[in-house]
Amino acid sequence: MRKLRIHKSFLNAFRGIFLIMKNERNFQIHILAFFINLVFIFYLKLSSIDAVLILIVSVGVLTAEIFNTSIEKICDIIQPEFDKRIAFIKDISAGAVILMAVASVVVGILVYWKYVFV
């Protein structure tokens, strides 16, 4: 298989992000949370370190959701009917997202606390 030109690879990657934004409700919720965090970063004038921490965990949740959706779509292609082994795989994948989301909430509380309540 021939390698794609670099600009084609980037276009495909951005198309993938657009498709998940358009079609996946959970990703849309995570994107909303990401933009709310961007507003807070500027409104509360977070330090560079605090802003980077918030951005890392926010992007981590988005990335986990992309992987989760990819795994679920692959599983649905491999086994369209219910299969408890596939359900196990999907549950583990969803667990990774919830774990990252919980971690991001903890980081958010620790970072935003000193800007809001101190």
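Note that the structure is a prediction, hence the values are computed from the model and not measured.

### Overview of the nonpolar core
With six residues, the main nonpolar core is built from Ile41, Leu46, Ala51, Ile54, Val111 and Tyr112. Of all the elements in the fold, those that place two or more residues in this core are helix 3 (48-78) and helix 4 (84-116). Setting aside chain neighbours within four positions, we find Tyr112 in contact with Asn37, Phe40, Ile41, Leu44, Leu46 and Ile54. Core analysis: the next-biggest nonpolar cluster, separate from the first, contains five residues, Ile20, Phe27, Ile31 and Phe34 among them.

### Things to note about the packing of aromatic side chains
By the definition in use, this model includes three aromatic pairs. Look at Phe40 and Tyr112: their rings are 5.5 Å apart centre to centre, the planes differ by 80°, and that puts the pair in the edge-to-face class. Taken together, the positions of Phe40 in helix 2 (residues 25-43) and Tyr112 in helix 4 put the pair 72 residues apart, joining distant regions of the chain. Residue classification places Phe40 among the partly exposed positions, given a relative accessible area of 36%.

### A look at helix 2
Compared with an ideal rise of 1.5 Å per residue, which puts 19 residues at 27 Å, helix 2 spans 27 Å between its outermost C-alpha atoms and is within 8% of the ideal. Those residues of helix 2 that fall on the buried side of the exposure criterion are Phe27, His30, Ile31, Phe34, Asn37 and Ile41. The buried residues of helix 2 occupy an angular sector of 115° when projected down its axis, which confines them to one face. The exposed residues of helix 2 that point more than 90 degrees off its buried face are Arg25, Leu32, Val39 and Tyr43. Buried positions along helix 2 lie against helix 1 (6-23), helix 3 and helix 4. Downstream of helix 2 by a residue or two, Lys45 has a phi angle that is positive, lying close to 55°.

### Observations regarding the pattern of salt bridges
The tally for this structure, following the rule as stated, stands at four salt bridges. Between Lys90 and Asp76 there is a salt bridge, with its nearest N and O atoms 2.5 Å apart. Here the residue Lys90 occupies a position in helix 4, and Asp76 occupies one in helix 3, the gap between them amounting to 14 residues. The exposure class assigned to Asp76 is partly exposed, which follows from its relative accessible area of 35%. A salt bridge links Arg85 to Asp83, with the shortest nitrogen-to-oxygen separation between them at 2.7 Å. Using a relative accessible area of 58% as the deciding quantity, one classes Arg85 as exposed.

Here is what the cut-offs are and how they apply
Residues numbered from 1 in each chain as written. Predicted model: local features only at pLDDT ≥ 70, side-chain atom pairs only at ≥ 80, totals over all residues. Heavy atoms only, no water. Core = buried A, V, L, I, M, F, W, Y, C linked by side-chain atoms within 4.5 Å. Buried < 20%, exposed > 50% of the residue type's maximum accessible area, 1.4 Å probe, protein only. Helix = DSSP H or I, 4+ residues; strand = E, 2+ residues; numbered from the N terminus. Contact = heavy atoms within 4.5 Å. Phe/Tyr/Trp six-rings, centres within 6.5 Å; stacked < 30°, edge-to-face > 60°. Expected span 1.5 Å × (residues − 1). Arc of directions from axis to C-beta. Salt bridge = Lys/Arg side-chain N within 4 Å of Asp/Glu carboxyl O.

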